[in-house]
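# Inside the fold
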Amino acid sequence: MVNQLVMAAAAGLAGSSAVAPETLLPLPPMGFNNWARFTTNISEAIFVDAAKAMAETGLLAAGYNRINLDDAWSTMDRAANGSMVWDDAKFPKGFYWLTEHLKSMGFLPGIYTDAGRRSCGGYPGALDYEQIDLDDFTRWGFEYLKMDGCNMPGRGEAVYRSIYGRWNKMLRAAEKPMIFSNSAPAYFSGRGLATNNLTNWYLAMGWAQKFGQLARHSADIVNYPSGNAWASMQFNYNQHVRLARYQIPGFFNDPDFLLVDHPSFSLEEKKSQFALWCAFSAPLILSTEMSALKREEIAYLTNKHLLAVNQDRLVQQATLVSRDGAWDVLSKSLENGDRVIAVLNKGSTSGSITVSWDRIGLSPDALLAAEQVLVSVQDLWTGESVDLLATESRGVTAENVPSHGTAVFRLKKSASAVTPTGLIFNTRSMKCLTDQDGESTQVRFATCNGSDGQTWRVRSDGHIHSLLRRNECLVDVEGEMSTDRAGCQSNAWRYETSGNLIHGGSGRCLTEGADGRATAAACGIERNEQVVGLPIGVTVVGN
Ligand code: GLA
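Identification of the protein chain as Alpha-galactosidase from Drechmeria coniospora is taken from an unreviewed UniProt entry. The record held by UniProt for the protein chain lists under Subcellular location (unreviewed entry) the comment "Secreted". Of the protein chain, the UniProt comment under Function (unreviewed entry) reads exactly: "Hydrolyzes a variety of simple alpha-D-galactoside as well as more complex molecules such as oligosaccharides and polysaccharides."

Right, here's the structure in full:
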């Protein structure tokens, strides 16, 4: 303790943070956190050894430059002056030494606390000690703060909003910048799923986007060595795809840690997690024994093609192009105009699937008109590129994707403009908006089945049509949703951060009614029936 105070006086709080919170974290953070691998069994050595291993294996050079402490670093009580106290038994050299040591190696240190009375592990929480704690964490040398939400003074969304709001205010006024990782939304996802009401989850995501740089939105990824890593990863993945509209440059949806040495995780499965997190431009925070990484694990974690997709400056979160029982196809754009396609095989056998040019968001006609017939497609696992004939091949084929594997392709920018293309789905029911085959022009919400009738093109003028009826666009006819040729001129839609798809004329919102009926109804606030996911690239009004 004496040591802490002397060093605190010496360190001072020099410098000022002229950095706007919006530009604090332009790219997804990459690094290490102890929690899923070591939970409360932590010590100085875990972080020092992780840093050493990351430097030696090339992970640091690949961009994994954060070492984040999680829960259980402190004593159970605060000091007489109100400060938290690091546990000397676990951290004999103290935090000034630790942060300096990590920085001297090229890492950025991060710390954890809880916005409530106690952390999830029962350690002191920051409630009513906010300024003392922020000052201490800054003085100790930390630059990143994960703020958990256990043991809050109430369970309501408004309670969380006000206490996390305090932090936002303090951080904006702070002299030194501190990256703020906000776990509040995670406390509403589970409750929402249990009650079938996600309104508070959406509200919490809405303010989390304004209050910090990243937000844990869902359940904890499974802790070593128990549970099923694939099931846990798939759960978080499926939560993540509901939230793409919140991700903007400077704010990241966080689907939790990358697992590597969990005993239930096969190599194919962990590579899938990595590929998907890269396609999402999600934080890449590893929770694994760094010094025990195998050669093939280091190889995929440092795959430069996939890391470039993760760290692309546009930081788009790939969205679903199509989904059925076996396959999810996702896409997004990169800053230089390239297109990324990820293909996840959820099934139990290997298989192949072709993603058409249309579904990728390109137009072979436009390529032809520009006299460009070749599209360069790179397989990001192998780095190999092939030129495909846009006029003759039906699209990009992911061949022999193993069960639970993910193929990822990067298409070079072409002469075709990109039209955001993919699913429009209710993010609670996960039902897909469907242009029906046959006579009826009525649209409905139905189980996602990978069909053209569920693959929507959202034109930049706000008109929306499926690949089934290319000349007929979504219309709101006195509250009934259908498709109609005239809709491609007269019925523009806009998409808002709320997740509402709003008709430009009537001001009504696309709504999922009973038995999958699609209607247009008066817009409410984050009503479960009215929150939908759209393909990335569509302008989100309010972001
Ligand atoms: C919560 C968080 C985890 C971890 C633990 C620590 O469960 O979601 O990531 O921080 O608390 O107790």
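In this section: the pairing of strand E13 (residues 374-379). The sheet contact formed by E13 and strand E14 (residues 385-389) spans five bridges and is antiparallel. Across the sheet, residue Val 375 finds its bridge partner in E14, namely Leu 388. The hairpin formed by E13 and E14 contains five residues between the paired strands, and Gly 383 there has a positive phi angle of roughly 85°. Pairing analysis gives three bridges linking E13 to strand E16 (residues 406-411), with the strands arranged antiparallel. The residue bridging Asp 379 from the neighbouring strand is Phe 409, located in E16.

When the parts of a complex come together, some accessible area is lost, and that lost area is often used as the size of the interface. For the protein chain, the assigned domains are domain 1 (30-314), domain 2 (320-411) and domain 3 (421-533). Look at where the C-alpha atoms of domain 2 and domain 3 centre, and you get two points 25 Å apart. Contacts between domain 2 and domain 3 engage nine residues on the former and 13 residues on the latter. Looking only at domain 2, the three residues that lose the most surface to domain 3 are Arg 323, Asp 358 and Arg 359, adding up to 57% of its buried area. At the boundary of domain 2 with domain 3, the tally comes to two salt bridges. For Asp 452, the salt bridge goes to Arg 359, with nearest N and O atoms at 2.7 Å. Taken together, the connections running from domain 2 to domain 3 amount to six residue pairs in polar contact (both at pLDDT 80 or more). The leading source of residues in the side of domain 2 that touches domain 3 is strand E9 (residues 319-323), at four residues.

The next subject is the pattern of salt bridges. Counted by the stated rule, this structure contains 24 salt bridges. Linked by salt bridges that have partners in common, Asp 128, Glu 130 and Arg 166 make up one network.

Taken as a whole and assessed by the stated rule, the structure comprises 23 aromatic pairs. Note on Phe 91 and Phe 95: the rings are 5.0 Å apart at their centroids and 75° apart in plane angle, and the pair reads as edge-to-face. Note on accessibility: Phe 91 and Phe 95 belong to one class, buried. Ring plane angle 55° and centroid distance 6.3 Å describe the contact between Tyr 164 and Phe 180, whose orientation is recorded as tilted. Here Tyr 164 is found in helix H7 (residues 157-173), whereas its partner Phe 180 is found in strand E5 (residues 179-182), with 16 residues between them in sequence. There is no split in this pair, since Tyr 164 and Phe 180 are both buried. Put simply, the rings of Phe 32, Phe 47, Trp 73, Trp 86, Phe 91, Phe 95, Tyr 96, Phe 137, Trp 140 and Phe 142 pair up and form one aromatic cluster. The lysine or arginine in question, Arg 37, covers the ring of Phe 38, its NZ or CZ lying 4.9 Å from the ring centre. The ring of Phe 188 is capped by Arg 191, whose NZ or CZ atom sits 4.8 Å from the centre of that ring.

Scanning all chains against the criterion turns up four disulfides. Disulfide pairing is shown between Cys 509 and Cys 523; the S-S distance is 2.0 Å. Between Cys 509 and Cys 523 the sulfur-sulfur dihedral comes to about 105°; the bridge is accordingly right-handed. Pair noted here: Cys 509 is in strand E27 (residues 509-512) and Cys 523 is in the loop between strand E28 (518-521) and strand E29 (532-533), with a separation of 14 residues, a long-range link. Each bonded cysteine of the protein chain gets a number by its place in the sequence, and the pairs then read 1-2, 3-4, 5-6, 7-8.

Taking the numbering used here, the UniProt-annotated feature "domain: Ricin B lectin" (unreviewed entry) corresponds to residues 421-519. Helix makes up 4% of residues 421-519 and strand 41%, with an end-to-end C-alpha separation of 22 Å.

For the rest of this paragraph, the subject is the site of the ligand. Neighbouring the ligand are the residues Trp 35, Asp 70, Asp 71, Tyr 112, Cys 120, Gly 121, Lys 146, Asp 148, Arg 216 and Asp 220. Burial of the ligand by the surrounding chains reaches 91%, relative to a free accessible area of 310 Å². Counted by class, the shell around the ligand contains three nonpolar, one polar and six charged residues.

This next bit is on the pairing of strand E25 (residues 493-496). The two faces of the sheet receive side chains in turn, since in a regular strand these alternate between them. Side chains Trp 493 and Tyr 495 of E25 all project onto a buried face; the interleaved residues Arg 494 and Glu 496 project onto a face where none is buried. Two elements, E25 and strand E26 (residues 501-503), share three bridges in a ladder whose sense is antiparallel. Opposite Tyr 495, over in E26, you have Leu 501 as the bridge partner. Hairpin connection of E25 to E26: four residues between the antiparallel strands, including Gly 499 at a positive phi of 90°. Note: E25 against strand E30 (residues 540-541), two bridges, orientation parallel. By the bridge assignment for E30, Tyr 495 is matched with Val 540.

Next up on the list: helix H8 (residues 186-195). Turning to H8, its buried residues number three or more, namely Ala 186, Phe 188, Ser 189 and Gly 192. Along H8, the residues classed as buried sweep out an arc of 155° about the axis, all on the same side. Set apart from the buried face of H8 by more than 90 degrees, the exposed residues are Ala 194 and Thr 195. The inward-facing, buried residues of H8 contact H7, helix H9 (199-211), strand E6 (214-216) and helix H10 (229-240). One or two steps after H8, the chain reaches Asn 196, where phi turns positive at roughly 65°.

Turning to the side chain of Asp 338, a few remarks are in order. Here Asp 338 is to be found in the loop between strand E10 (327-333) and strand E11 (339-345). Polar contacts involving the side chain of Asp 338 include one to the side chain of Arg 410, which spans 2.8 Å. In this structure Asp 338 touches Lys 332, Ser 333, Arg 410, Leu 411, Lys 412 and Lys 413, once residues within four positions along its chain are discounted.

Before going further, it helps to examine the sheet that holds E10. Spatially, six strands are ordered E9-E10-E11-E16-E13-E14 in an open sheet, and the strand pairing comes out antiparallel. The two strands at the open ends of the sheet, each matched to only one other strand, are E9 and E14. Each neighbouring strand pair of the sheet contributes to a mean axis angle of 25°, computed without reference to strand direction. Sheet strands touched by helix H11 (residues 267-279): E10, E11 and E16. Its angle to E16, the strand with the most contacts, is close to 35°.

How each quantity is defined
Numbers given for residues are sequential positions, taken from 1 along each chain in its written order. Reporting of local features is limited, given that this is a predicted model, to residues whose pLDDT is at least 70; pairs of side-chain atoms are given and counted only at 80 or more, and all residues count toward the totals for whole chains, interfaces and linings. Neither water nor hydrogens contribute to the side-chain values; these are computed over all heavy atoms in the structure. UniProt positions are given in the numbering used here, feature names are shortened, and annotations may be inferred rather than shown by experiment. At least two DSSP bridges between two strands are required for those strands to pair. Only runs of H or I of at least four residues qualify as helices and only runs of E of at least two qualify as strands under DSSP, and these elements are numbered from the N terminus. The source of the domain bounds is an automatic or database domain assignment. Contacts are assigned to residue pairs with any non-hydrogen atoms lying within 4.5 Å of each other. Summed over both partners, buried area is the accessible surface (1.4 Å probe) that two parts give up on being assembled. Any carboxyl oxygen of Asp or Glu that lies within 4 Å of a side-chain nitrogen of Lys or Arg is treated as forming a salt bridge with it. Two N or O atoms form a polar contact when they lie within 3.5 Å of each other; inside protein one atom must be a possible hydrogen donor and the other a possible acceptor, and for residues adjacent in sequence the pair counts only when both atoms belong to side chains. Note on aromatic pairs: the rings of Phe, Tyr and Trp (six-membered ring only in Trp) are paired at centre separations within 6.5 Å, and the planes decide the class, stacked below 30 degrees, edge-to-face beyond 60, tilted for the rest. A simple rule labels every residue: compare its accessible area, found with a 1.4 Å probe on the protein chains alone, to the largest value its type can have, and call it buried under 20%, exposed over 50%, or partly exposed in between. As a reminder, the over-ring test applies to NZ of lysine and CZ of arginine, requiring each to be within 6 Å of the ring centre and within 35 degrees of the ring normal. Criterion for a disulfide: a pair of cysteine sulfur atoms within 2.5 Å. Proximity criterion: a residue is near a molecule or strand once any of its heavy atoms comes within 4 Å of it. Each accessible area value is a Shrake-Rupley result obtained with a 1.4 Å probe; residue values ignore everything except the protein chains displayed when judging cover. Basically, the charged four are Asp, Glu, Lys and Arg, the nonpolar ten are Ala, Val, Leu, Ile, Met, Phe, Trp, Tyr, Cys and Pro, and anything else, Gly included, counts as polar. Directions are taken from the helix axis to each C-beta atom, and the arc is the one they span. Axis definition: a line fit to C-alpha positions, over the contact stretch in the case of helices; interaxial angles, taken between N-to-C directions, run 0 to 180 degrees.

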